[in-house]
Amino acid sequence: MSQSLEPSRFMVALHALPSVLLQSAFFIVPLCMTIALSFQETEFYRVQWVWSLETWTDVFTTRYYWSILWNTILMAIACVIVCAVIGFPVAYALVTRFKRWQTTIKILLVFAFLTDAVLKTFGWVVFLDQTGPANYILSWLGLPSLPDWVLYSKFSALLGMVYTLLPFSIFTIFLSVDMIDRSLLRAAYDCGAGKFRAFWEVTLPLSKSGLMAGALLVFVLSLGSFLEPKVLGGGKNPMAAELIRQTFETRINWPLGSALTIVVISITVITILLASRLLDLRQRGQT
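The following refers to the structure shown.

Rules behind the numbers
Residues numbered from 1 in each chain as written. Predicted model: local features only at pLDDT ≥ 70, side-chain atom pairs only at ≥ 80, totals over all residues. Heavy atoms only, no water. Axes fitted to C-alpha atoms, helices over the stretch in contact; angles between N-to-C directions. Helix = DSSP H or I, 4+ residues; strand = E, 2+ residues; numbered from the N terminus. Left-handed = near helix turned anticlockwise from the far one by under 90°. Contact = heavy atoms within 4.5 Å. Nonpolar A, V, L, I, M, F, W, Y, C, P; charged D, E, K, R; others polar. Disulfide = S-S within 2.5 Å. Buried < 20%, exposed > 50% of the residue type's maximum accessible area, 1.4 Å probe, protein only. Patch = residues over 30% accessible without salt bridge, like charges linked within 9 Å, V, L, I, M, F, W, Y side chains within 5 Å. Areas by Shrake-Rupley, 256 points an atom, 1.4 Å probe, with all protein chains shown as cover. Salt bridge = Lys/Arg side-chain N within 4 Å of Asp/Glu carboxyl O.

Where helix 8 (residues 182-190) contacts helix 9 (residues 195-206), the two axes come as close as 10 Å, and the packing angle between them is 150 degrees. The handedness of the crossing between helix 8 and helix 9 is right-handed. Only Lys195, Ala198, Val202, Thr203 and Leu206 of helix 9 make contact with helix 8, whose side of the interface consists of Leu184, Leu185, Ala188 and Tyr189. Classifying every residue of the contact of helix 8 with helix 9 by side-chain character gives seven nonpolar, one polar and one charged.

For the structure shown, the criterion picks out zero disulfides. Cysteine 79 carries a free sulfur, and the closest cysteine sulfur to it, the one in cysteine 83, is 4.0 Å from it. The class for cysteine 79 is buried, based on a relative accessible area of 0%.

Another point: a nonpolar patch on the surface. A cluster of nonpolar side chains, Trp70, Leu74, Ile77, Ile81, Val85, Ile86 and Val90, forms an exposed patch at the surface whose accessible area comes to about 630 Å². Since its relative accessible area comes to 58%, valine 85 is described here as exposed.

In structure tokens, the structure reads:
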């Protein structure tokens, strides 16, 4: 029996070999180079291969870096919350109320992925400008104009991040809600549950996997947000991606930029591992 399985295992390994080679060439090798570079020093804007901990000491002792990383995490959490609050009703409505328009709305959401991020970001700058369409619409409705602080602030940066990442949340939540067996809801109604109680005790618990997947996806992508904090935020509250760019391009300190990159990657990996652990515990609790 074991001998008959050997050829199949060999074929599986053979088919997986191209993928392994590609991942090694384009992910593992650059990652190892980045880790090695973080243990070097710079002198006169040149990397000195001396293998020291000076760069990492600088990272862990400089409060400025950690304030930016903390700001990045807070902005990512805020983006996750807003995307979940907006995305769940939209996804739920697609499944229950707008079945006839599902295909059309899905196509529009796909166009949100295809539209260039730079174009969308600068479009928000034009829209939120004091002489832009936002204030024109508000004045036409007889409402006060937007305050001067709206553009080039954390609020506008968060608005741009939510606008960019919201489709990811909608799609993942939509898939989980769409997979719920409708007979469970009918059974809840037969047992005397109202619409709100059936939603709270049946729909919401069964869609938690989609909520978690969407939250994880939005959080990880938010950690690498670059355009929105720089363009819409005006660079006043830089996030981790902008800090890394400045370290590489402006300060020309590649070891420091590599170390900060490793920190952001570590935060991402820890988040994914924690989410996987929570999902695993949840699945074990249901069995």
